[in-house]
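Overview (structure and organization)
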Amino acid sequence: AQTVTQSQPEMSVQEAETVTLSCTYDTSESDYYLFWYKQPPSRQMILVIRQEAYKQQNATENRFSVNFQKAAKSFSLKISDSQLGDAAMYFCAYRIFTGANSKLTFGKGITLSVRP
Amino acid sequence: DVKVTQSSRYLVKRTGEKVFLECVQDMDHENMFWYRQDPGLGLRLIYFSYDVKMKEKGDIPEGYSVSREKKERFSLILESASTNQTSMYLCASSLRRQTQETQYFGPGTRLLVL
């Protein structure tokens, strides 16, 4: 069974600084997708960034980038120039590459606070 | 933009009541999901459906059932609510034809069972 581990329950970052959120996963598959989702307080969960395992290049979306280490099964999220609006719960998630059963497996999440 | 709506943001029910949570999406997505979110446990999949009248058990289906009579609507049913079902319930949908299959989430229903 696939598992996703987010070992840090909480992190804090100063506004305008950079923060890295850690995620590791366990799978026997060679092709899969990885995701970071953001859940702001009392607001809907939204996708931040996704990475296909077959791509060696790390995904980037504006201030958000990932460090994908396939051999180490590590998928960390880096937030640059942190803003107050980045304060949220962040979930790492995994999905196998093929099949109709497109289940996501989520980590337990990490609460990020941003200090002004 | 994809829109996923849930019938209630907050719900208070009594033990033993039958509870219906409704989810509607407006983007013709084949896949729909029900999760529960609890502090320290993250999101856990209850049930999902990849087509009308199709359903599959997720990781924690006990005490729940689902119904998908129309493509846009996916209902979660608590046949006899219990206090351990107090939780945040999230609905999501995704387009199966799209290989990357981003899931789009609703705002959630916070259920309190007394």
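Attention here is on the structure that accompanies the text. Since the model is a prediction, treat every value here as computed from it, not as a measurement.

What about the packing of aromatic side chains?
Following the criterion strictly, the structure yields 16 aromatic pairs over all chains and no others. Centre to centre, the rings of Tyr 32 of chain A and Tyr 94 of chain A are 5.3 Å apart; their planes meet at 40°, and the pair counts as tilted. Of this pair, Tyr 32 of chain A sits in strand E5 (residues 32–39) while Tyr 94 of chain A sits in strand E10 (residues 88–96), and the two are 62 residues apart along the sequence. Here Tyr 32 of chain A and Tyr 94 of chain A have matching classes, each one buried. Where Phe 91 of chain A meets Phe 106 of chain A, the ring centres are 6.3 Å apart and the plane angle is 90°; that geometry is what we call edge-to-face. Separated by 15 residues along the polypeptide, Phe 91 of chain A in strand E10 and Phe 106 of chain A in strand E11 (residues 105–106) bring together distant segments of the chain. Here the aromatic residues Tyr 33, Phe 35, Tyr 37, Phe 91 and Phe 106 of chain A together with Phe 33, Tyr 35, Phe 48 and Phe 105 of chain B are joined through ring pairs into a cluster of three or more.

Here's the deal with the pattern of salt bridges
When the charged atoms of two side chains lie near each other, side chains of opposite charge can form a pair. All names here are of chain B. Going through the model one piece at a time under the given rule, you end up with 9 salt bridges over all chains. The residue Arg 73 makes a salt bridge to Glu 22 at a minimum N-O spacing of 3.4 Å. Note that Arg 73 is positioned in strand E8 (residues 73–78) and Glu 22 in strand E3 (residues 19–25), a separation of 51 residues in sequence. Its relative accessible area of 37% is what places Arg 73 among the partly exposed residues. In this structure Glu 22 comes out as partly exposed when scored by relative accessible area, which is 23%. Through salt bridges with shared partners, a single ionic network connects Arg 36, Asp 38 and Arg 44.

Section: the state of the cysteines
All names here are of chain B. Counted under the stated rule, the structure contains 2 disulfides over all chains. Paired by a disulfide, Cys 23 and Cys 91 hold their sulfur atoms 1.8 Å apart. Across the disulfide from Cys 23 to Cys 91, rotation about the S-S bond amounts to roughly -75°, and the bridge is consequently left-handed. Of the two residues, Cys 23 sits in strand E3 while Cys 91 sits in strand E9 (residues 87–94), which places them 68 residues apart along the sequence. Side by side, Cys 23 and Cys 91 carry an identical accessibility label, which is buried.

Thoughts on the interface of chain B and chain A
In this assembly, 25 residues from chain B lie in contact with 21 residues from chain A. The interface formed by chain B and chain A holds 4 residue pairs in polar contact (both at pLDDT 80 or more) in total. Put simply, the parts of the chain that give the side of chain B that touches chain A at least two residues each are strand E4 (31–38), strand E5 (42–49) and E9 of chain B.

Notes on the sheet that holds strand E7 (residues 65–70) of chain B
All names here are of chain B. One open sheet holds the 4 strands; their spatial order is E1-E3-E8-E7, and the pairing between them is antiparallel. In the strand order of this sheet, the two ends are held by strand E1 (4–6) and E7, each with one partner. Going from strand to strand, the sheet's axes swing by 20° on average, the running direction of each strand aside. The pairing of E3 with E8 spans 6 bridges and is classified as antiparallel.

A few points about the side chain of Ser 65 of chain B
All names here are of chain B. With respect to the element layout, Ser 65 can be found in strand E7. A polar contact is formed between the side chain of Ser 65 and the side chain of Glu 79, at a distance of 3.2 Å. In this view, Ser 65 contacts Tyr 47, Ser 75, Leu 76, Ile 77 and Glu 79; residues no more than four positions away in its chain are not counted.

A look at the environment of Leu 84 of chain A
Residue and element names in this part refer to chain A. Turning to its location among the elements, Leu 84 is positioned in the loop between strand E9 (74–79) and E10. Once the C-alpha coordinates of Leu 84 and Glu 15 are considered, the two residues, 69 residues apart in sequence, prove to be 6.6 Å apart. Not counting residues up to four positions away in its chain, the partners in contact with Leu 84 are Glu 15, Val 114 and Pro 116.

Focus: a nonpolar patch on the surface
All names here are of chain B. Together, Val 12, Leu 112 and Leu 114 make up an exposed nonpolar region whose accessible area comes to about 260 Å². Mapped onto the elements, Leu 114 comes out in the segment after strand E11 (109–113). Assessed through its relative accessible area of 47%, Leu 114 is described here as partly exposed.

Each value, and the rule that gives it
- Residues numbered from 1 in each chain as written.
- Chains lettered and ligands numbered in written order.
- Predicted model: local features only at pLDDT ≥ 70, side-chain atom pairs only at ≥ 80, totals over all residues.
- Heavy atoms only, no water.
- Phe/Tyr/Trp six-rings, centres within 6.5 Å; stacked < 30°, edge-to-face > 60°.
- Helix = DSSP H or I, 4+ residues; strand = E, 2+ residues; numbered from the N terminus.
- Buried < 20%, exposed > 50% of the residue type's maximum accessible area, 1.4 Å probe, protein only.
- Salt bridge = Lys/Arg side-chain N within 4 Å of Asp/Glu carboxyl O.
- Disulfide = S-S within 2.5 Å.
- Contact = heavy atoms within 4.5 Å.
- Polar contact = N/O pair within 3.5 Å; in protein donor to acceptor, adjacent residues only side chain to side chain.
- Pairing = 2+ DSSP bridges.
- Axes fitted to C-alpha atoms, helices over the stretch in contact; angles between N-to-C directions.
- Patch = residues over 30% accessible without salt bridge, like charges linked within 9 Å, V, L, I, M, F, W, Y side chains within 5 Å.
- Areas by Shrake-Rupley, 256 points an atom, 1.4 Å probe, with all protein chains shown as cover.

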